[in-house]
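Examining the three-dimensional arrangement
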Amino acid sequence: MYRELRIFGLVAPCGCVFLCFSASFWNSVTMSVKKRVKFFVLFCFFVFLFFLISNAFFFACVFCSLCVLWAKCFCGDVFEDHLDEAFSRETSPDDVVGGRTNGNIGNNEAPLHASSAALSDLLKSLIQATENERCAPDILPYPEAVVDGVAAQIAAQNEQIRLLSAEEKQQTAEKELGASLLPFKPSDIMALEVQRAQFFLCELLRCRLRKIEALALSLFYEGQLHSDAPTQLRGMLSHNEVIVADRLAELMAKYVLQAGLQSAPAELQYLIPNLPYAEGVEMLPVPELDQYVFCVVLDDLGVVRLGEDAVQAVHAGEIFLVPYRAFRPYILDGRVRLV
């Protein structure tokens with residue numbers, strides 16, 4: 001026991017001096033946090049091994065307890081300081097306005113924020129157009145400005161993501177000081193935003209294609225000369241959608257003929273009206289305009305006829321469950337949206 005006390009009396013002052021020195025060294029040295037932690041763990045291991053070799057197990061346990069307390073006091077503060085510094089550096093408005101490069105913020109920070117804001121504004125219009133198209137039983141006008149704007153913003157932001165990712169990889173390779181400890185990067189957030197825009201854009205086009213497929217024969221018949229089609233939806237389509245509708249109608253006629261319609265008389269081998277030999281417009285598919293839909297009123301519409309015997313004053317912010325036909329003109333004008 002006397003031998004152990006003597007060993008502890010020699011080692012304890014040296015250990016205290018070393019702990020104080022390492023505490024100041026921890027905060028002043030230009031070393032990454034991972035290297036600091038490795039250095040501290042290695043030091044504790046060798047000191048603990050020294051005590052075990054000296055048969056001073058009790059003092060080894062005391063020393064480990066002191067090391068744990070020291071790590072809790074100093075290491076926790078260091079990690080919190082790094083996280084706070086990285087967070088403040090990435091969210092500081094001065095860095096965005098001044099265009100400074102700190103941590104993961106590049107010289108093109110202002111253009112990135114401008115592009116994200118533009119995409120966000122277009123995304124709101126795209127989401128509303130997608131919801132309307134998804135809930136409407138017929139085909140709504142093709143939102144050319146919104147679709148083209150979102151597609152252009154997606155292409156521009158993908159290029160910015162590529163440049164930002166290359167810059168982040170370069171910073172990681174160079175192991176620059178003050179790098180963010182967060183588990184994600186600015187390019188990851190931008191990529192998620194782009195994926196969200198791509199989802200709604202694809203959903204809008206998918207909804208329109210499903211309706212075009214169901215109404216292909218009516219859309220094709222509308223394009224015929226002197227047609228008396230019961231629908232007027234061909235003008236709602238884009239140029240490419242018109243081509244798709246016509247090709248679908250032609251393919252339908254071709255495969256129905258191959259399936260057995262070719263055995264019918266020539267005057268009856270049509271899927272569209274062929275008067276006076278075949279049926280009229282009643283054979284064409286039409287959207288169900290009397291389908292009930294939920295509507296949110298965006299503007300004061302005044303007195304609106306909701307049915308044959310129903311008239312009501314409609315104000316902004318109200319929600320209705322009505323036949324689609326009643327609010328269709330206001331939906332086309334953007335004064336009512338479907339939900």
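These numbers were taken from a predicted model, which means no experiment stands behind them. (Residues numbered from 1 in each chain as written. Predicted model: local features only at pLDDT ≥ 70, side-chain atom pairs only at ≥ 80, totals over all residues. Heavy atoms only, no water.)

Regarding its fold elements, the chain presents 10 helices and five strands. Expressed as a percentage of the 339 residues in the chain, the buried residues total 35%. Across the chain, contacts joining residues at least 24 apart in sequence account for 64% of those joining residues at least 6 apart. Total accessible area on the chain stands at roughly 20,300 Å², and carbon and sulfur atoms take up 62% of it. (Helix = DSSP H or I, 4+ residues; strand = E, 2+ residues; numbered from the N terminus. Buried < 20%, exposed > 50% of the residue type's maximum accessible area, 1.4 Å probe, protein only. Contact = heavy atoms within 4.5 Å. Areas by Shrake-Rupley, 256 points an atom, 1.4 Å probe, with all protein chains shown as cover.)

Turning next to helix H6 (residues 144-174). Here H6 contains 31 residues, and its C-alpha end-to-end distance of 45 Å stays within 8% of the 45 Å for a straight helix at 1.5 Å per residue. Every buried residue of H6 is listed here: Val146, Val147, Gly149, Val150, Gln153, Ile154, Gln157, Gln160, Ile161, Leu164, Glu168 and Gln171. (Expected span 1.5 Å × (residues − 1).)

Counting across every chain of the model gives three aromatic pairs. Considering the side-chain rings of Phe320 and Phe327, the 5.6 Å spacing of their centres and the 90° angle between planes classify their relative orientation as edge-to-face. Look at Phe327 and Tyr330: their rings are 6.0 Å apart centre to centre, the planes differ by 85°, and that puts the pair in the edge-to-face class. Of the two residues, Phe327 and Tyr330 are both situated in helix H10 (residues 324-332); the distance of three residues between them amounts to about one turn of the helix. (Phe/Tyr/Trp six-rings, centres within 6.5 Å; stacked < 30°, edge-to-face > 60°.)

For the rest of this paragraph, the subject is the packing of helix H7 (residues 186-214) against helix H9 (residues 239-259). Where H7 meets H9, the closest approach of the two axes is 9 Å, and the angle between their N-to-C directions is 40°. Relative to H9, the element H7 is oriented oblique. Note that H7 runs across H9; the crossing there is right-handed. Of the residues in H9, those touching H7 at Arg208, Leu209, Ile212 and Glu213 are Glu241, Val244, Ala245, Leu248 and Met252. (Axes fitted to C-alpha atoms, helices over the stretch in contact; angles between N-to-C directions. Parallel < 35°, antiparallel > 145°, perpendicular 65-115°, else oblique. Left-handed = near helix turned anticlockwise from the far one by under 90°.)

On to the sheet that holds strand E4 (residues 319-323), then. Read across the open sheet, the three strands follow the order E4-E1-E5; overall the sheet is antiparallel. The open sheet is flanked by E4 and strand E5 (336-338), the only strands paired with a single partner. On average, each strand axis in the sheet is inclined to that of its neighbour by 40°, with strand direction left out of account. Here five bridges tie strand E1 (residues 292-297) to E4, and the two strands are oriented antiparallel to one another. Residue Phe294 lies in a different strand from E4, and its bridge partner there is Leu321. (Pairing = 2+ DSSP bridges.)

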